[in-house]
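# Structure at a glance
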Amino acid sequence: MPRSIGRSIAQALNREFYRFSVGGLTDVAEIKGHRRTYVGAMPGKLIQCLKVTGSANPVVLIDEVRSRVEELFCGGNGRAVIHPSGTDAETMPLLQAVLASRALARAVPEKDRPSDFRDGTQRGNVISLVACAGEVGSGTTEAAEGRFFSKAVPLGGNRVDMGQELPALHDLAAMESIELVARGGERDVGRGKSDYDAIVEAKAREALASDPAAVVVLHTVAGSKTGLVMPSPAVADTLTAEFGDRVVSVLDACQMRHHPDLIPRWLGEQGPILMTSSKFFGGPSFGSAVFFPHRAIDTMNAQLNDESPATVAAIAEACASYLTHHDIGDVLPKLHDAMPPGFCNSGVLLRWAAGLHEMETLNATTESNGGVANTEDHVRAWVHAMREEAQKFSPHLEYVPAVDYEGDWQLGGVNTIIAVRLRSGADEDFFSTADLKKVYALMTADLTEFISPESTMAERRVASQKCLTGQPVDIPGGSVLRTVLGAAQLKDLVGGKQPLDQMIEDDRVLLSKLALIARQYDYLLSHSL
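Residues numbered from 1 in each chain as written. Predicted model: local features only at pLDDT ≥ 70, side-chain atom pairs only at ≥ 80, totals over all residues. Heavy atoms only, no water.

We now examine the packing of helix 18 (residues 487–495) against helix 19 (residues 500–519). Look at helix 18 against helix 19: their axes get within 10 Å of each other, and the N-to-C directions meet at 150 degrees. The pairing of helix 18 with helix 19 is recorded here as roughly antiparallel in orientation. Across the interface between the two elements, Gln-489, Asp-492 and Leu-493 of helix 18 pack against Leu-500, Met-503 and Asp-507 of helix 19. Residue composition of the contact of helix 18 with helix 19, grouped by class: three nonpolar, one polar and two charged. (Axes fitted to C-alpha atoms, helices over the stretch in contact; angles between N-to-C directions. Helix = DSSP H or I, 4+ residues; strand = E, 2+ residues; numbered from the N terminus. Parallel < 35°, antiparallel > 145°, perpendicular 65-115°, else oblique. Contact = heavy atoms within 4.5 Å. Nonpolar A, V, L, I, M, F, W, Y, C, P; charged D, E, K, R; others polar.)

A few words on the pattern of salt bridges. Applying the stated criterion to the full structure yields 22 salt bridges. When the shortest N-O distance is used, the salt bridge between Arg-183 and Glu-135 registers 2.5 Å. Taken together, the residues span a long stretch of sequence, with Arg-183 in the loop between strand 5 (173–180) and helix 7 (196–209) and Glu-135 in the loop between strand 4 (124–131) and helix 6 (140–143) at a distance of 48 residues. Using a relative accessible area of 6% as the deciding quantity, one classes Arg-183 as buried. On the accessibility criterion, Glu-135 (5% relative accessible area) is buried. (Salt bridge = Lys/Arg side-chain N within 4 Å of Asp/Glu carboxyl O. Buried < 20%, exposed > 50% of the residue type's maximum accessible area, 1.4 Å probe, protein only.)

Along helix 4 (residues 65–73), the residues that are buried comprise Val-65, Arg-66, Arg-68, Val-69, Glu-70 and Phe-73. Downstream of helix 4 by one or two residues, Gly-75 has phi in the positive range, about 60 degrees.

With respect to the secondary-structure elements, Glu-376 resides in helix 15 (residues 371–390). Despite its burial, Glu-376 pairs with no opposite charge, the nearest such side chain being Arg-380 at 4.6 Å. In contact with Glu-376, not counting residues within four places along its chain, are His-259, Gln-410, Leu-411, Gly-412 and Gly-413. (Lys, Arg positive; Asp, Glu negative; His and termini not counted.)

This next bit is on the pairing of strand 12 (residues 417–422). Within strand 12, six of the six residues are buried, which leaves the element mostly enclosed by the surrounding structure. Strand direction decides the pairing type here: strand 11 (residues 397–399) and strand 12, joined by three bridges, are antiparallel. Paired with Leu-397 across the two strands is Leu-422, which belongs to strand 12. Sheet topology places strand 12 next to strand 14 (residues 480–484); four bridges connect them, and they run antiparallel. The residue bridging Ala-419 from the neighbouring strand is Arg-482, located in strand 14. (Pairing = 2+ DSSP bridges.)

Reading across from one edge, 11-12-14-13 is the order of the four strands in this open sheet, with antiparallel pairing throughout. Both edges of this open sheet fall to strand 11 and strand 13 (470–473), since each of them pairs with a single strand only. Adjacent strand axes in the sheet meet at a mean angle of 35 degrees, parallel and antiparallel pairs treated alike. Its contacts with the sheet put helix 16 (residues 433–443) on strand 12, strand 13 and strand 14, and the angle it makes with strand 13 is roughly 170 degrees.

Attention shifts here to the nonpolar core. Phe-291, Trp-352, Val-439 and Leu-514 are the most contacted members of the largest nonpolar core, which has 97 residues in total. The greatest single-element share of this core, amounting to nine residues, is contributed by helix 19. (Core = buried A, V, L, I, M, F, W, Y, C linked by side-chain atoms within 4.5 Å.)

Right, let's get into the confidence of the model for the protein. Per-residue pLDDT for the protein averages 89, and the proportion of residues at 70 or more is 89%. At the low end of the mean pLDDT range in the protein sits strand 2 (residues 59–63), at 56; at the high end sits strand 8 (residues 247–252), at 98. (pLDDT = per-residue confidence, 0-100.)

By the element assignment, Ala-253 lies in the loop between strand 8 and helix 9 (262–269). What makes Ala-253 buried here is its relative accessible area of 0%. In contact with Ala-253, other than residues within four places in its own chain, are Ala-222, His-258, Ile-273, Leu-274 and Met-275.

Further remarks concern the packing of aromatic side chains. As enumerated under the stated definition, the model contains seven aromatic pairs in all. Residues Phe-431 and Tyr-521 carry aromatic rings whose centres are separated by 4.6 Å and whose planes lie at 40 degrees to one another, so their mutual orientation is tilted. With a gap of 90 residues between them, Phe-431 in the loop between strand 12 and helix 16 and Tyr-521 in helix 20 (residues 521–525) connect regions that are remote in the sequence. For Phe-431, a relative accessible area of 6% corresponds to the buried category. Pairwise contacts between aromatic rings join Phe-73, Phe-280, Phe-281 and Phe-291 into one cluster. Above the plane of the ring of Phe-430 lies Arg-421, whose end atom (NZ or CZ) is 4.2 Å from the centre. (Phe/Tyr/Trp six-rings, centres within 6.5 Å; stacked < 30°, edge-to-face > 60°. Lys NZ or Arg CZ within 6 Å of the ring centre and 35° of its normal.)

On to a negative patch on the surface. Side chains of Asp-427, Glu-428, Asp-429 and Asp-522 sit close together on the surface and give a patch of like negative charge. Along the chain, Asp-429 falls in the loop between strand 12 and helix 16. In this structure Asp-429 comes out as exposed when scored by relative accessible area, which is 67%. (Patch = residues over 30% accessible without salt bridge, like charges linked within 9 Å, V, L, I, M, F, W, Y side chains within 5 Å. Areas by Shrake-Rupley, 256 points an atom, 1.4 Å probe, with all protein chains shown as cover. Charge placed at Lys NZ, Arg CZ, Asp CG, Glu CD.)

This is the structure we're talking about:
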């Protein structure tokens, strides 16, 4: 939003105006303030804002978050709508599908539609295919069919029921989600179903054949929680070539472990993209965005103009649980103008400012140290070393073989997620998800006082370390815990701040502690921590 418009809004509301830019910031403490124990501690920009304006409720304009995100990732091929999380970001592709289906409903004869849609209301019909179900964001199934996936709403502080419909949206279209699990069983546990593409394509064709106004939201996952890329991109290519705008081809790139070319390529060839500033980049949780191709934005704006003011108001009411008009910006002007005015979700902007620091510093480190090709060499070196290490702790820790994909689907062409299963002995069952949740908690604690008295000094040193893993993922054959290569680690490798052998030694401690907890799991649980 231009500064002049922000100032005009402040004047119209008879409130003070304050603007600051997050462009060039390298430390989130510049926004939120330093710890009071920090030498030379200063208040952050938001506190400075209150001090300078002498007001408790000024209009604050925080510049450049959207433009910086777009510049980093879109390559000129799209625009961004900011979201609090990758799961509620499902709302935007769903909205694209609702608008497309309603446009079809106005165009096709009502007698050709299923009986449930012959009531003169020209309701849309949207079917979302949730790929890699169980290995994508929790609550994706609910969010993809326009339902709340949490009891707390990000905006307004309201409490809702899990699965409750978003306000007004279901009056505009019928919505259904179909979960498509990618893994097939215990055999070859690291891979997905061999016939998964055929399953996904058949479900899409079935949904599209059921109603000439039906629109399918097809998810292609560019890296699940264990690194799967499924269905293959050929499915999206085939369906969009045949059915055009009746297929909203979504790329779930929330893990962000891909080559930089993927996002601009997908925007140029397919549809919207879900992404986050946490996961790989390690920014604070609950910072996300949806990238839309320019052609999709043009179509959605035209369709919004064709809708009645009451319909646009209903869409805005549904979106207002997650978004403010600032988050939408000038991407969808008519929807922006229908959203409640004034309020700005400064929390999500602060989280994005922190995430952008990690993104931009990794980008700068990459550019100043041989470019993407050199960075990919470091990625492959870490992955191959960690896979070798993960196989040294059998039988208590079992490495789950990963799938590597060619092209731009993975940075370095390798899976940077190391997944392992745990058990207390060679003849024991692998730990369940419930067990691994306890292991996840134990990893963050100093266990030296609680491990077996017979433990060696080396085991006690390992037990004293506080380590963080990814949360458990339930897959056939036994749930897994994960350790990953993140942007901060990669930046240290590429920039020479930490050599690979030293980093692997740190990661070896994590694997050692996992194996130790697995061996002594029953003993540890018998004692109060």
